[in-house]
Amino acid sequence: YGGARINAERGAFSEVDTSVNNLNAAGGLKKIYERKYPGKERYLVGPETIVVDDDSNIYALTKGGKIVLLENLSSPNHGSGSGSDDVVIYADTKVVASSVGRPLGGKFVPGTKILYFADAMLGLCRVNLALEHPKIELVVAEVETSSGSLSPILYADDVDIGKSGLVYFSDASTVISERDPDRSLDVIYAYKIDLMRGIKSGRLLRYNPQNDETEILAEGIWFANGVAVDKDETFVLVCETSLFRVLKYHLSGTKQGQLEVVLDILPGVTDGVDCQSSGNCLVAMPTTVPDILKMLYKMPPFIAAVLKSLLMMLPKQISPGPVHYGGVVEFDPYSGKVKRIFQDPKGDEIIGITAVTEHNGKIYLGSLENEFVGVYQL
């Protein structure tokens, strides 16, 4: 990918208010763990995103490229179901579909078992989980640019579906994720390279299932991550992770076709995003801004680019990692006003929250690092 580019753009952020420490057991955080059986492989590893269908069935998109159904949920104290004071919940896991890549974000078509998901290696995919033997279909692997050429989708990241049935998804970067020795894709390292490289290659895309056409809505986004459409499909949000903010693309009205910043100056890096039926939206923050990045921000752009190039050359085993932290911000997507912050400021009980999914007043918290699903009552 070459050396880091000279890039003077800096993301605006705030320091963490450690007095806000509500994303824990005392504040109501619950955790769904995989029930263990002798000789059974563990599947609930790195559940990046949690998706819930209309029947309230819970699925996790996991590290091994698997779509995993969580069933038979129960707690040690209350048996079947979960009592209000249960902190730990156990679930059986069942693999309902497997990808050769890494499913990251997904969403069900309302009223169906058809799941669209972004696969970091393949592109936009689709699977009908109502079938006895579901098969994954690659729907979009490339998109036509304004010049008429075909551009490959190299890092599909997140998906949402509007009330019209149109599918909105992100292509985060032109940096390709590499496989680890265990054959899983290292999507985090690809992000680190993209961040240090300094090229804004992310895009927001829209797929129309009726005519099988895909279009580019916005590009030049510095790591296009989480995607969320409002209930009326008047706008779509996309997280610009490397600038720690949420962007808003207008689908209608006087600003139709325009992209603007709706939320920034947050205590953490933005990742997944979801909109509620109430009108508010939620954005996940897996880490605060690392000290190494704060240091680079203070340097002249040329010097910072040299050091970033050196960081890109480090073996990934010793490359700087995320800060232990977990947070979610609830905000008004019209005014950009922060409503509430839920966080574990030191990552004592939950870290690396990459996705937030709201369903029936609860938020389900995914992570590339954890081996459980966080659940929090709003």
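Preceding block: the structure.
Residues numbered from 1 in each chain as written. Predicted model: local features only at pLDDT ≥ 70, side-chain atom pairs only at ≥ 80, totals over all residues. Heavy atoms only, no water.

**Remarks on the nonpolar core**
Turning to step 1, where the next piece is worked out: Tyr155, Met196 and Leu293 are the most contacted members of the largest nonpolar core, which totals 27 residues.
Turning to step 2, where the next piece is worked out: Every element with two or more residues in this core is listed here: helix H1 (187-197), helix H2 (291-297) and helix H3 (301-313).
Turning to step 3, where the next piece is worked out: Examining the composition of this core, we find that seven residues originate from one element, H1, more than from any other.
Turning to step 4, where the next piece is worked out: Residue contacts for methionine 196: discarding those within four places in its chain leaves Ala4, Leu293, Leu296, Lys308, Leu311 and Met312.
Turning to step 5, where the next piece is worked out: Counting 16 residues, the second-largest nonpolar core is a separate cluster that includes Cys239, Val273, Cys281 and Tyr325. (Core = buried A, V, L, I, M, F, W, Y, C linked by side-chain atoms within 4.5 Å. Buried < 20%, exposed > 50% of the residue type's maximum accessible area, 1.4 Å probe, protein only. Helix = DSSP H or I, 4+ residues; strand = E, 2+ residues; numbered from the N terminus. Contact = heavy atoms within 4.5 Å.)

**Here's the deal with a nonpolar patch on the surface**
Turning to step 1, where the next piece is worked out: Taken together, the side chains of Ile6, Phe302, Ile303, Val306, Leu310 and Met313 present a nonpolar region at the surface, about 630 Å² in accessible area.
Turning to step 2, where the next piece is worked out: Among the secondary structure elements, isoleucine 6 is positioned in the segment before strand S1 (30-34).
Turning to step 3, where the next piece is worked out: Taking relative accessible area as the criterion, isoleucine 6 reaches 57% and is therefore assigned exposed. (Patch = residues over 30% accessible without salt bridge, like charges linked within 9 Å, V, L, I, M, F, W, Y side chains within 5 Å. Areas by Shrake-Rupley, 256 points an atom, 1.4 Å probe, with all protein chains shown as cover. Salt bridge = Lys/Arg side-chain N within 4 Å of Asp/Glu carboxyl O.)

**Remarks on the side chain of glutamate 240**
Turning to step 1, where the next piece is worked out: Turning to its location among the elements, glutamate 240 is positioned in strand S20 (residues 235-240).
Turning to step 2, where the next piece is worked out: Look at glutamate 240 and you get buried, because its relative accessible area is 2%.
Turning to step 3, where the next piece is worked out: Separated by 2.8 Å, the side chain of glutamate 240 and the backbone nitrogen of tryptophan 222 make a polar contact.
Turning to step 4, where the next piece is worked out: With residues near it in sequence (within four places) discarded, glutamate 240 still touches Lys200, Gly220, Ile221, Trp222, Phe223, Arg245, Leu247 and Thr270. (Polar contact = N/O pair within 3.5 Å; in protein donor to acceptor, adjacent residues only side chain to side chain.)

**Focus on H3**
Turning to step 1, where the next piece is worked out: The end-to-end C-alpha distance of H3 is 19 Å, a good match for the 18 Å that 13 residues give at a rise of 1.5 Å each.
Turning to step 2, where the next piece is worked out: Residues of H3 that are buried sit in contact with H1 and H2. (Expected span 1.5 Å × (residues − 1).)

**Some points on the packing of aromatic side chains**
Turning to step 1, where the next piece is worked out: Under the counting rule described, the total for this entry stands at eleven aromatic pairs.
Turning to step 2, where the next piece is worked out: Geometrically, the ring pair formed by tyrosine 33 and tyrosine 90 is tilted, given 6.4 Å between the ring centres and 40° between the ring planes. Of the two residues, tyrosine 33 sits in strand S1 while tyrosine 90 sits in strand S6 (residues 88-98), which places them 57 residues apart along the sequence.
Turning to step 3, where the next piece is worked out: Since its relative accessible area comes to 28%, tyrosine 33 is described here as partly exposed.
Turning to step 4, where the next piece is worked out: Ring plane angle 85° and centroid distance 5.2 Å describe the contact between tyrosine 155 and phenylalanine 223, whose orientation is recorded as edge-to-face. Residue tyrosine 155 is located in the loop between strand S12 (150-152) and strand S13 (156-161), and its partner phenylalanine 223 is located in the loop between strand S18 (213-221) and strand S19 (224-229); the two are separated by 68 residues in the primary sequence. Like phenylalanine 223, tyrosine 155 is buried.
Turning to step 5, where the next piece is worked out: Cation over ring: lysine 31 sits above phenylalanine 372, and NZ or CZ is 4.6 Å from the ring centre. (Phe/Tyr/Trp six-rings, centres within 6.5 Å; stacked < 30°, edge-to-face > 60°. Lys NZ or Arg CZ within 6 Å of the ring centre and 35° of its normal.)

**With respect to the packing of H1 against H3**
Turning to step 1, where the next piece is worked out: In contact at an axis separation of 9 Å, H1 and H3 are set at 160° when each is read in the N-to-C sense. Our classification of the angle between H1 and H3 gives roughly antiparallel. Read as a crossing pair, H1 and H3 show a hand that is left-handed. Contacts from Tyr189, Ile193, Met196 and Arg197 in H1 reach Lys308, Leu311 and Met312 in H3.
Turning to step 2, where the next piece is worked out: A class-by-class count of the residues in the contact of H1 with H3 yields five nonpolar, no polar and two charged. (Axes fitted to C-alpha atoms, helices over the stretch in contact; angles between N-to-C directions. Parallel < 35°, antiparallel > 145°, perpendicular 65-115°, else oblique. Left-handed = near helix turned anticlockwise from the far one by under 90°. Nonpolar A, V, L, I, M, F, W, Y, C, P; charged D, E, K, R; others polar.)

**Focus on H1**
Turning to step 1, where the next piece is worked out: Across the eleven residues that make up H1, a large majority, ten, are buried.
Turning to step 2, where the next piece is worked out: Where H1 is buried, its residues contact strand S7 (103-108), strand S16 (185-186), H2 and H3.
Turning to step 3, where the next piece is worked out: Its side-chain oxygen at 3.4 Å from the backbone nitrogen of isoleucine 188, aspartate 186 defines the N-terminal cap of H1.
Turning to step 4, where the next piece is worked out: Glycine 198 occupies a position one or two residues after H1 and carries a positive phi of about 80°.

**Details of the sheet that holds S19**
Turning to step 1, where the next piece is worked out: The four strands lie next to each other as S19-S20-S21-S22, forming an open sheet whose pairing is antiparallel. The sheet is open, and its two edges are formed by S19 and strand S22 (259-263), each paired on a single side. Sheet twist, expressed as the mean angle between neighbouring strand axes with direction ignored, is 30°. (Pairing = 2+ DSSP bridges.)

Nothing here speaks to function; it is all geometry.
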